[in-house]
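# Structural features, examined
Letter by letter, the chains look like this.
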Amino acid sequence: MSVSLEEYFRTTFEDKLLVKLPEREDEHLTPATRLLEKRREMTEVEQALNAQKEEFQMKMESIQQRREELERKEFTLKESLLKFDKFLKDNDAKKNRAVKKANTERDSKLQRMREIEALSVESKKLQQFLEHQKVRLTKHMVFQKYMDKVLEKADEFSENKDAIMRYDTLVTTHQHLLDRETDNQDKLEREKANLMKFMEEKNNDIMNFNNQLANLQMQLEQAQSSAVKWESVWTHIKNTAARQTLLLGRIKMATHNLFMLINKQMKTKAEPSETTEQQLQKIQIYIKDLTEIIQETGRQSDTK
């Protein structure tokens, strides 16, 4: 394949390099005169190109000046807008503070009125509560008389509050024992439920582990069966890579030979550090220049 590529490029470039210029009426001109004519034409083209570049540069400078002027105007306009916006915000802030102060004073007045009304209502309720307590006290005096008779007959208690405290202690102890019994029953039920849940979870874990073990065994068998397949694929990849590397080396050799042929025709010296990509770029530039020269020569021949 490298031989065919090298022969193709060699044949093509030899045909283009050795192409004969068409016969012209001024065949009596010397090669030096023809070279001067070509140089004169290249100078005219270069001068026209420089003139276009200067005109383009002048246009760009004019556009840049207009852009800078617009930016200055835009900056001035932004500053004016910012100042006007600050003025409006200051006015709004003053207005908002005045409105907020008026609303605060109004709300404070309403709050004081509500507090006065609430205190009046609370005073009436306290008065009613006091009257109600007086009625209850009158009704409960019979119990006070009963407790006095109990103290006269019982030597264990010296005052009414001792008997009441004893009763409260017994009631509290009884309630505490009932609460402890209830808590113990709840704890026992919770422990039973936790034990059942724990046993169920462990049974499920054992089943899951058995399933995972079966799946892992199946995956191991599949991996072992596919290992042989991937080893063959890897061998094929290495062989393909070796062929591609050999092909790349042949292409680089053909490119280098073609590059050396062009340097020989142009009578230039090749740089040892140039890469294959750089050589291909120079080959492309040479082909493009040679094509333009051939086309220009053909057009001049057709004109004459």
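See the structure above.
Residues numbered from 1 in each chain as written. Predicted model: local features only at pLDDT ≥ 70, side-chain atom pairs only at ≥ 80, totals over all residues. Heavy atoms only, no water.

### Considerations on the overall build of the protein
For the record, the criterion: Secondary structure elements follow DSSP: runs of H or I no shorter than four residues count as helices, runs of E no shorter than two count as strands, and numbering proceeds from the N terminus. A 1.4 Å probe rolled over the protein chains alone gives each residue an accessible area, and that area as a share of the maximum for its type sets the label: buried under 20%, exposed over 50%, partly exposed in between. Whether two residues are in contact is decided by their heavy atoms: any pair within 4.5 Å suffices. Only the protein chains shown count as covering a residue, and every accessible area follows the Shrake-Rupley method with a 1.4 Å probe.
Looking only at helices and strands, the protein features four helices and zero strands. Reading the helices (α) and strands (β) of the protein from amino to carboxyl end gives α-α-α-α. Sorting the 304 residues of the protein into buried and exposed places 7% on the buried side. Look at the contacts in the protein between residues 6 or more apart in sequence, and 58% of them connect residues 24 or more apart. Surface accessibility of the protein: about 27500 Å² in total, with carbon and sulfur atoms responsible for 59%.

### Overview of a negative patch on the surface
How we decide: In this analysis, a patch consists of residues with relative accessible area above 30% that form no salt bridge, clustered at 9 Å for like charges and at 5 Å for the nonpolar side chains Val, Leu, Ile, Met, Phe, Trp and Tyr. Note on definitions: salt bridges are taken to be side-chain nitrogens of Lys or Arg within 4 Å of carboxyl oxygens of Asp or Glu. Counted as positive: Lys and Arg. Counted as negative: Asp and Glu, with His and the chain ends omitted from the count. Working definition for charges: the position is that of NZ of Lys, CZ of Arg, CG of Asp or CD of Glu.
A contiguous patch of negative charge, built from Asp179, Asp183, Asp186 and Glu189, is present on the exposed surface. Structurally, Asp186 can be placed in helix 3 (residues 160-266).

### Remarks on the nonpolar core
Where we set the bar: Residues belong to a common nonpolar core when they are buried Ala, Val, Leu, Ile, Met, Phe, Trp, Tyr or Cys residues joined through side-chain atoms within 4.5 Å.
Core analysis: the biggest nonpolar cluster contains six residues, these being Leu258, Phe259, Ile262, Ile283, Tyr286 and Leu290. For this core, the secondary-structure elements that each account for two or more residues are helix 3 and helix 4 (276-303).

### Description of helix 2 (residues 31-153)
This is how the line gets drawn: Given a helix with a known number of residues, its expected span is that number minus one, times 1.5 Å. The quantity called bend is, for any residue, the angle between two axes fitted respectively to the seven residues ending at it and the seven beginning at it.
Between its terminal C-alpha atoms helix 2 stretches only 157 Å, short of the 183 Å expected from 123 residues at 1.5 Å a residue. By the largest-angle criterion, His140 marks the main kink of helix 2, which is about 35°.

### Observations regarding the pattern of salt bridges
One pass over the structure, following the stated rule, counts seven salt bridges. One salt bridge connects Arg40 with Glu37, and the closest N-O pair in it is separated by 2.5 Å. Taken as a pair, Arg40 and Glu37 lie in helix 2 at a separation of three residues, close to a single helical turn. The class for Glu37 is partly exposed, based on a relative accessible area of 33%. With a closest N to O distance of 3.5 Å, Lys78 and Glu74 form a salt bridge. Of the two residues, Lys78 and Glu74 are both situated in helix 2; the distance of four residues between them amounts to about one turn of the helix. One salt-bridge network, held together by shared partners, links Glu37, Arg40 and Glu44.

### What about a nonpolar patch on the surface?
A cluster of nonpolar residues, Leu195, Met196, Phe198 and Met199, forms a patch on the protein surface that exposes about 440 Å² of accessible area. Of note, Met196 is situated in helix 3. By relative accessible area, which is 56% here, Met196 ends up exposed.

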